[in-house]
Amino acid sequence: MDQIIIQDLSIYAKHGVYREENILGQQFLVSVYLDLDLSRAGQTDSLEHTIDYGRICHFVTDYMQEHTFKLIEAAAEHLAQELLFKYSQVKKIRIKVKKPWAPIGLPIKNVCVCVDRTRHSVYLSLGSNLGDRMAYLKQGIAELDALEACKVCEQSGIIETEPYGGVPQDCFLNCVVRIETVLNPQQLLEALHKIEANAGRTREVHWGPRTLDLDILLYDQVTVNTPQLTIPHADMHNRSFVLEPLCEIAPWYRHPVLHKTIQQLYDGLVKS
């Protein structure tokens, strides 16, 4: 991947654990490494096909001066998230924050924190068969989009389906969304559980009725197999209520384990 690199942008800001640091401020040096495709900019020699690094410098300066964090780790984390979601061309970002005047009491050039964050593309399924089903789905999507580290990019239509798993219950409303996130799979799972809890979700009966059900279907081309989480979703290829709406927005997506497209999986399930 190509890179735009901004090194040691000098910013006077107010970050630090100690009260004096938050009041008096100090110098910080911020470096930004942006991974993106610059081939079109190179071919056209046009600014519209790249990112204006002057604007990046001003944005970073304003952000560091308008916010106050105790830890430069937090400053780097939040700045990385802001830049990733502000500039959709950027696929990966590295932020270095140097603190030359760190209050250590020993001779030192600087203290530096470096974070690497990647924009991940994730497909989630949503389902509800209790109460106001449509309202619960809309609430879940709104809360996803409101997460600082997530952005809802695409949504399928909403379909009504028979319950799955053999437990007698009412029909479900289901849909699929694609989000972009900087959260890792475990962090995302924890965030989804909080959204479910906000909707009053309980887990009393396996495959039982629920106000809101959120499942991670696909996370880039990553595979995860832990006691808490399996990616790709272990049973998605057997669920028409997942494959049908997923086909609407990503029929071309290739399952990283089964090596078939979503359209092929859906067609095979319908014919079986």
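Going by the structure above, here's the rest.
Reading guide: rules and limits
Residues numbered from 1 in each chain as written. Predicted model: local features only at pLDDT ≥ 70, side-chain atom pairs only at ≥ 80, totals over all residues. Heavy atoms only, no water. Phe/Tyr/Trp six-rings, centres within 6.5 Å; stacked < 30°, edge-to-face > 60°. Helix = DSSP H or I, 4+ residues; strand = E, 2+ residues; numbered from the N terminus. Buried < 20%, exposed > 50% of the residue type's maximum accessible area, 1.4 Å probe, protein only. Pairing = 2+ DSSP bridges. Axes fitted to C-alpha atoms, helices over the stretch in contact; angles between N-to-C directions. Contact = heavy atoms within 4.5 Å.

**Q** Looking at this structure, how should I read the packing of aromatic side chains?
**A** One pair of aromatic rings is described through two measures. These are the centre distance and the angle between the planes. Counting across every chain of the model gives four aromatic pairs. Judged by centre distance (6.3 Å) and plane angle (70°), the ring pair of Tyr12 and Trp101 falls under edge-to-face. Of this pair, Tyr12 sits in strand S1 (residues 2-13) while Trp101 is found in the loop between strand S3 (92-99) and strand S4 (111-118), placing the two residues 89 residues apart along the sequence. Summarising the aromatic geometry, the rings of Tyr123 and Tyr253 are spaced 5.2 Å apart at their centres and angled 80° between planes, so their arrangement reads as edge-to-face. On the criterion of sequence distance, the pair formed by Tyr123 in strand S5 (residues 120-128) and Tyr253 in the loop between helix H7 (240-249) and helix H8 (262-271) is long-range, its members being 130 residues apart. We classify Tyr123 as buried; its relative accessible area is 1%. A residue is classified by how much of its surface remains accessible, and Tyr253, at 7% relative accessible area, is buried. What links up through ring pairs into an aromatic cluster is the set Tyr123, Trp252 and Tyr253.

**Q** Quick question: what am I supposed to make of the sheet that holds S4 here?
**A** Within a sheet, each strand pairs with its neighbour through backbone hydrogen bonds, oriented either parallel or antiparallel. In space, the four strands of this open sheet follow the order S1-S2-S3-S4, with antiparallel pairing throughout. Each edge of the open sheet carries a strand with a single partner, namely S1 and S4. Ignoring strand direction, the axes of neighbouring strands in this sheet form an average angle of 15°. In this structure, S1 lies alongside strand S2 (residues 26-36), joined through 10 bridges in antiparallel fashion. The partner of Ile11 across the bridge, within S2, is Phe28. Contacts from helix H3 (residues 53-66) reach S1, S2 and S3 within the one sheet, and its direction differs from that of S1 by about 35°.

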